[in-house]
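# Structural description and commentary
Residues per chain, in single letters:
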Amino acid sequence: MQDKQRKTRKMNIKPITDPSRPKVYIETYGCQMNMNDSEVILSILQDAGYALTEDIGQADVILANTCSIRDNAEQRIWGRIDQFRLQKRRRDGVIIGIVGCMAERLKEKLLDGHTVDLVAGPDAYRSLPDLIRQISPDKPQINVLLSHEETYADISPVRMDRNGVSAYISIMRGCNNVCSYCVVPYTRGAERSRDPQSIVREAVELFENGYREVCLLGQNVDSYLWKHPDSADKNVNFAQLLEMVAKVSPDLRVRFSTSYPKDISDEVIYTMAMYENICRHIHLPVQSGSNTMLEKMRRKYNREWYLEKVGKIRSVMPDCGISTDVIAGFCGETEQDHKDTVSLMEAVGFDSAFMFQYSERPGTLAARKYPDDVPPEVKTARLNEIIALQNRLSLESNTKEVGKRHKVLIEGTSKRNEEEFTGRTSNNKVCVFAAPGHKPGDYVEVEVLSCTSATLIAKLI
Ligand code: SAH
Ligand code: SF4
Ligand code: F3S
């Protein structure tokens, strides 16, 4: 059935803008996987006759694809729902839908107050056209069933990024790691891997349409495992998948995210080293440098193990960029635990980091088991300290690049100066440079002249 669909499905890369079609407006919050899901949603709705609009005032259907990872992410969305209400007051018949992780977490609760007409969880997107059809003013629709199989493998996402150069490809969904602070296993369900052939086909399709970089996405890409229906010898793990995608073309760059420190294998590291077009960058979220915190977080590795993994990566690829995520102020975090995080960050010298204050999520193991007892002002002070530290580490890391040459893929024009381009080095550093005669999608060689903590300033060579 799916194979048949695949053969008849036209390539679906660009948004349809036909003015005679009903219009859908999509706002996306949260992680890259959610960005990619919005592209899947658009593909499904386009096939059902809708066209995308970027003007909320023109929309027949307004969708917010939402995130629940921290309380402030949800608060922002509640604010937006109030604004959507204004659209409903101005125009009769406008449909407001909440989809994604917050839809899955809050379910019927989102229907209280009668603003929202539609609630759909991350595994329910195929049912969106039917749900929308069945909505009437006093009949909101909801589908928050999670699936063990759904990977949307046969759906070719409509690219909304519009740089036309780099695209996300989801290779798996859900997560089986129950980190005690994290809501994702509850909002996205169990882990499942997508058919590797469909992933390679999507990469080929993107390359043929001018894309030059794909980022393979999963909450824990290193646990990707496609189980062959007939023979375990034909199973495909993440290192093998990485190689299959790298072989699409030497001119297609491959990135991936996120690597769970416990699961990234030597095979993955060696595969990266073997292919020039697999970018030298690993996002390796550590969360904390304290073994007490890591254990309470249920991260399944400790500080020593993490540092050893970083050592292994650098011994095989000395030029590999390493970035991380850090949580400040987790339950019971002492000043010494915090100092352990600071010293680990110094010891690794991360190239960049996303840093957050712990936010208790209802229903998680931490919420049930540990009091959220670090006072807010202490969380803020610790977060500020690690942000300041990371700024220094990022500047140090960028300063090491001055005078070096890099191959950069041009992704677009610089926001500050239209005469200049931006792109990234293989090790994921943002570069700005002038390159007359070139265009997004071209590879260029540059030399780094100077830097800030966020950007390399370079010249074409
Ligand atoms: N699967 C990825 C993380 C996805 S969530 C991994 O395991 O590395 C992205 C980041 O959000 C996490 O790495 C963590 O740093 C942060 N995060 C998750 N839950 C959080 C919470 N309850 N409070 C604060 N930050 C949180
Ligand atoms: Fe959340 Fe942990 Fe899964 Fe990452 S690995 S999504 S932090 S449960
Ligand atoms: Fe947020 Fe869901 Fe992603 S909670 S971070 S959108 S998986």
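Everything discussed here concerns the structure shown above.
The sections below set out a description of the structure shown in this document. Numbering of residues begins from 1 in every chain and follows the order in which that chain's sequence is written. Each chain is given a letter, starting from A, and each ligand a number, starting from 1, according to the order in which they appear as written. The model is predicted, so local features are restricted to residues of pLDDT at least 70 and side-chain atom pairs to those at 80 or more, both for listing and for counting; the totals for chains, interfaces and linings are taken over all residues. Processing note: side-chain calculations cover all non-hydrogen atoms of the structure and skip hydrogens and water entirely.

### Considering the packing of helix α9 (residues 266–274) against helix α11 (residues 303–316)
Axis definition: a line fitted to C-alpha atoms, over the contacting stretch in the case of helices. Angles run 0 to 180 degrees between N-to-C directions. Comment: elements are numbered from the N terminus, with helices defined as DSSP H or I runs of at least four residues and strands as E runs of at least two. Where α9 meets α11, the axes come as close as 10 Å, and the angle between the chain directions of the two elements is 25°. Between α9 and α11, the crossing angle belongs to the class labelled roughly parallel. α11 is crossed by α9, and the crossing has right-handed handedness. Between α9, through Asp266, Ile269, Tyr270 and Ala273, and α11, the contact on the second element is made entirely by Lys309, Lys312, Ile313 and Val316. Residues that form the contact of α9 with α11 fall into these classes: five nonpolar, no polar and three charged. Here roughly perpendicular refers to angles of 65 to 115 degrees, roughly parallel to angles under 35, roughly antiparallel to angles over 145, and oblique to all remaining angles. In this scheme, a crossing is called left-handed if the near helix is turned counterclockwise away from the far one by less than a right angle; it is called right-handed if the turn is clockwise. Contact between two residues is taken to exist if any of their heavy atoms lie within 4.5 Å; hydrogens are not considered. Three categories are distinguished: nonpolar for Ala, Val, Leu, Ile, Met, Phe, Trp, Tyr, Cys and Pro, charged for Asp, Glu, Lys and Arg, and polar for the others, with Gly belonging to the last.

### Things to note about the side chain of Arg173
With respect to the helices and strands, the residue Arg173 is situated in strand β8 (residues 172–173). Only protein chains enter the calculation, and the probe is 1.4 Å; a residue is then buried if its accessible area is under 20% of its type maximum, exposed if over 50%, and partly exposed in between. For Arg173, a relative accessible area of 4% corresponds to the buried category. Residues contacting Arg173, with those up to four places away along its chain left out, are Asp37, Pro122, Asp123, Tyr125, Glu150, Thr151, Tyr152, Arg188, Ala190, Glu191 and Arg192.

### Observations regarding helix α7 (residues 196–208)
Between its first and last C-alpha atoms α7 spans 18 Å; for 13 residues at 1.5 Å apiece the expected length is 18 Å, and the two agree. Looking at the packing, one finds that the buried side of α7 touches β7 (166–170), β10 (213–217), β11 (225–226), β12 (236–237) and α8 (238–246). Two or three places before Gln197, at the opening of α7, Asp195 has a side-chain oxygen 2.9 Å from that residue's backbone nitrogen. Once α7 ends, the next one or two residues include Gly210, with phi positive near 95°. Take the number of residues in a helix, subtract one, and multiply by 1.5 Å to get its expected span. Any pair of N or O atoms that falls within 3.5 Å is considered a polar contact. Within protein, one atom must be able to donate a hydrogen and the other to accept it, and sequence-neighbouring residues count only if both atoms are side-chain atoms.

### A look at the nonpolar core
Residues Leu216 and Phe238 are the most contacted members of the largest nonpolar core, which totals 69 residues. Top contributing element to this core by residue count: α8, with six residues. Setting aside chain neighbours within four positions, we find Phe238 in contact with Ile171, Leu216, Val221, Asp222, Tyr224, Phe256 and Val268. Formed by 24 residues, the second largest nonpolar core is a distinct cluster that contains Leu45, Ala120, Ala124 and Ile135. Within this scheme, the nonpolar core is defined by two criteria: the residues are buried Ala, Val, Leu, Ile, Met, Phe, Trp, Tyr or Cys, and they are joined through side-chain atoms within 4.5 Å.

### Brief notes about the side chain of Glu202
Among the secondary structure elements, Glu202 is positioned in helix α7. Sequence-distant contacts of Glu202, that is, excluding residues within four places in its chain, are made with Ile155, Pro157, Arg159, Tyr168, Ile169 and Arg194.

### A closer look at the packing of aromatic side chains
Here the aromatic set is Phe, Tyr and Trp, taking the six-membered ring for Trp, and pairing holds for ring centres within 6.5 Å; pairs whose planes are under 30 degrees apart are stacked, those over 60 apart are edge-to-face, and all others are tilted. For the coordinates displayed, the defined rule picks out eight aromatic pairs. Taking 5.3 Å as the distance between ring centres and 70° as the angle between the ring planes, the aromatic pair formed by Phe238 and Phe256 counts as edge-to-face. Within this pair, whereas Phe238 is found in helix α8, its partner Phe256 is found in strand β13 (residues 253–257), the two being separated by 18 residues in sequence. With respect to burial, Phe238 and Phe256 carry one shared label: buried. Between Tyr260 and Tyr301, the aromatic rings sit 6.1 Å apart at their centres with planes inclined by 75°, giving edge-to-face as the arrangement. Of this pair, Tyr260 sits in the loop between β13 and α9 while Tyr301 sits in the loop between α10 (291–297) and α11, and the two are 41 residues apart along the sequence. Taken as a pair, Tyr260 and Tyr301 share a single burial class, namely buried. Through a chain of ring-to-ring contacts, three or more aromatic side chains come together here, namely Tyr181, Phe330, Tyr358 and Tyr370. Note on criteria: charge over ring means Lys NZ or Arg CZ within 6 Å of the ring centre, with the direction from the centre no more than 35 degrees off the ring normal. Lying across the ring of Phe356, Arg70 places its NZ or CZ 3.6 Å from the centre.

### Comments concerning the state of the cysteines
Pairs of cysteine sulfur atoms within 2.5 Å are what we label disulfides. Evaluation of the coordinates by the stated rule reveals zero disulfides. Left unpaired, Cys215 is separated from the closest cysteine sulfur, that of Cys279, by 9.1 Å. Among the residues examined, Cys215 registers a relative accessible area of 10% and is labelled buried. Lacking any disulfide linkage, Cys320 is separated from the closest cysteine sulfur, that of Cys279, by 9.9 Å.

Scope: geometric values only; no functional claims are made or implied.
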